[in-house]
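A structural walkthrough
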Amino acid sequence: NGQKFLSVVSLEGEYFQNYITLNYQDLTVISDKRYSHGVLVESFERKNNNDIYFYQKAKGINLRTNNPDRNVYTRYAYFVGLRGFPFAKQEVDFRSYMFEYGNVLPIQVINLGKTKIRVRGGTFECYKLQLSVSGWQGIFAADKYYLYFETKAPHQFIKFDQKVEN
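First, a word on what this report is: a plain description of the structure on this page. (Residues numbered from 1 in each chain as written. Predicted model: local features only at pLDDT ≥ 70, side-chain atom pairs only at ≥ 80, totals over all residues. Heavy atoms only, no water.)

What about the overall build of the protein chain?
A count of helical and extended segments in the protein chain gives one helix and twelve strands. If you list the helices and strands of the protein chain from N to C, you get β-β-β-β-β-β-β-α-β-β-β-β-β. Going through the 166 residues of the protein chain one by one, you find that 45% of them count as buried. Residue pairs in contact within the protein chain that sit at least 24 positions apart in sequence constitute 34% of those at least 6 positions apart. Of the roughly 9600 Å² that the protein chain leaves accessible, carbon and sulfur atoms contribute 49%. (Helix = DSSP H or I, 4+ residues; strand = E, 2+ residues; numbered from the N terminus. Buried < 20%, exposed > 50% of the residue type's maximum accessible area, 1.4 Å probe, protein only. Contact = heavy atoms within 4.5 Å. Areas by Shrake-Rupley, 256 points an atom, 1.4 Å probe, with all protein chains shown as cover.)

Observations concerning the nonpolar core
Among the nonpolar cores identified, the biggest contains 15 residues, and Leu-129 and Leu-131 are the most heavily contacted of them. Contributing elements (two or more residues each) for this core: strand 9 (103-119), strand 10 (122-133) and strand 11 (144-150). If you tally residues by element for this core, the top one is strand 10, at four residues. Core analysis: the next-biggest nonpolar cluster, separate from the first, contains ten residues, Leu-22, Phe-44, Phe-54 and Ala-77 among them. (Core = buried A, V, L, I, M, F, W, Y, C linked by side-chain atoms within 4.5 Å.)

Observations concerning empty space enclosed by the protein
Scanning the entire structure with this criterion turns up one cavity of 30 Å³ or more. The space that makes up the largest cavity amounts to roughly 70 Å³. Of all the elements in the fold, those that place two or more residues in the lining of the largest cavity are strand 3 (29-36) and strand 4 (39-46). (1 Å grid on protein atoms, 1.4 Å probe; cavity = no way out; pocket = protein on both sides within 12 Å on 5 of 7 lines; lining within 4 Å. Points joined across faces, edges and corners; volume = space filled by probe spheres on them.)

Some remarks on the sheet that holds strand 1 (residues 5-12)
Taken in spatial order, the six strands line up as 1-2-3-4-5-6 in an open sheet, and their pairing is antiparallel. Edge positions in the open sheet fall to strand 1 and strand 6 (61-66), since each of these has one partner strand only. Each strand axis lies, on average, 10° off the axis of its neighbour in the sheet, ignoring direction. As judged from the six bridges shared by strand 5 (residues 51-56) and strand 6, these two strands associate in the antiparallel manner. Paired with Ile-52 across the bridge in strand 6 is Thr-65. (Pairing = 2+ DSSP bridges. Axes fitted to C-alpha atoms, helices over the stretch in contact; angles between N-to-C directions.)

Describing the environment of Leu-63
Along the chain, the position of Leu-63 falls in strand 6. Along the sequence, Leu-63 and Ile-52 sit eleven residues apart, while their C-alpha atoms lie 8.2 Å from each other.

With respect to the pairing of strand 5
Relative to strand 5, strand 4 runs antiparallel, the two being bridged by five bridges. Directly across from Arg-46, in strand 5, lies its bridge partner Ile-52. The loop that links strand 5 with its antiparallel partner strand 6 comprises four residues; one of these, Gly-60, has a positive phi angle of about 70°.

Considering the pattern of salt bridges
Applying the stated rule across the entire model yields four salt bridges. For Asp-51, the salt bridge identified is with Arg-64, shortest N-O distance 3.2 Å. On the criterion of sequence distance, the pair formed by Asp-51 in strand 5 and Arg-64 in strand 6 is long-range, its members being 13 residues apart. The partner of Glu-125 in a salt bridge is Lys-116, and the shortest N-O contact between them spans 3.6 Å. We classify Lys-116 as exposed; its relative accessible area is 59%. (Salt bridge = Lys/Arg side-chain N within 4 Å of Asp/Glu carboxyl O.)

Here's the deal with the side chain of His-155
Checked against the element boundaries, His-155 lands in the loop between strand 11 and strand 12 (157-163). In this structure His-155 comes out as buried when scored by relative accessible area, which is 15%. Within polar-contact distance, the side chain of His-155 engages the backbone oxygen of Thr-151 at 3.3 Å. Not counting residues within four places of it along the chain, the set of residues in contact with His-155 comprises Arg-83, Phe-87, Tyr-127, Phe-149 and Glu-150. (Polar contact = N/O pair within 3.5 Å; in protein donor to acceptor, adjacent residues only side chain to side chain.)

Structure representation (structure tokens):
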């Protein structure tokens, strides 16, 4: 259909392989497939008619929903998709599929400012983004996720932290 896209492969050791296709214009997710030892265990696919298909093997989720906003991201694509975050803004809301809850959830991203992060690859000046579920669903999903992106363009992903309740 003439649409430009990015294709990303993320390998998590010998356990998981993620194959992600993103829209080149806005970095939203077109498809995200997660395999374990060659078996599909989770997938997200957005079709042209705004239909979104979710599959999660362990929880028996096989769901189709409609999202006319088309601004859905998947958690395995955050490290790429959020490079397009409007870092000049303090707060942005979007929607994300999270298999733990079996549906699309409203997500709030807060730019907590700049900080220096040290990782094996060196020390980087980064934006610290906090992700959390917003709205009434946030009462039941209180975890907070922190992603660090380099302040200089193209805003490479540097680090991930997670704060889990209990």
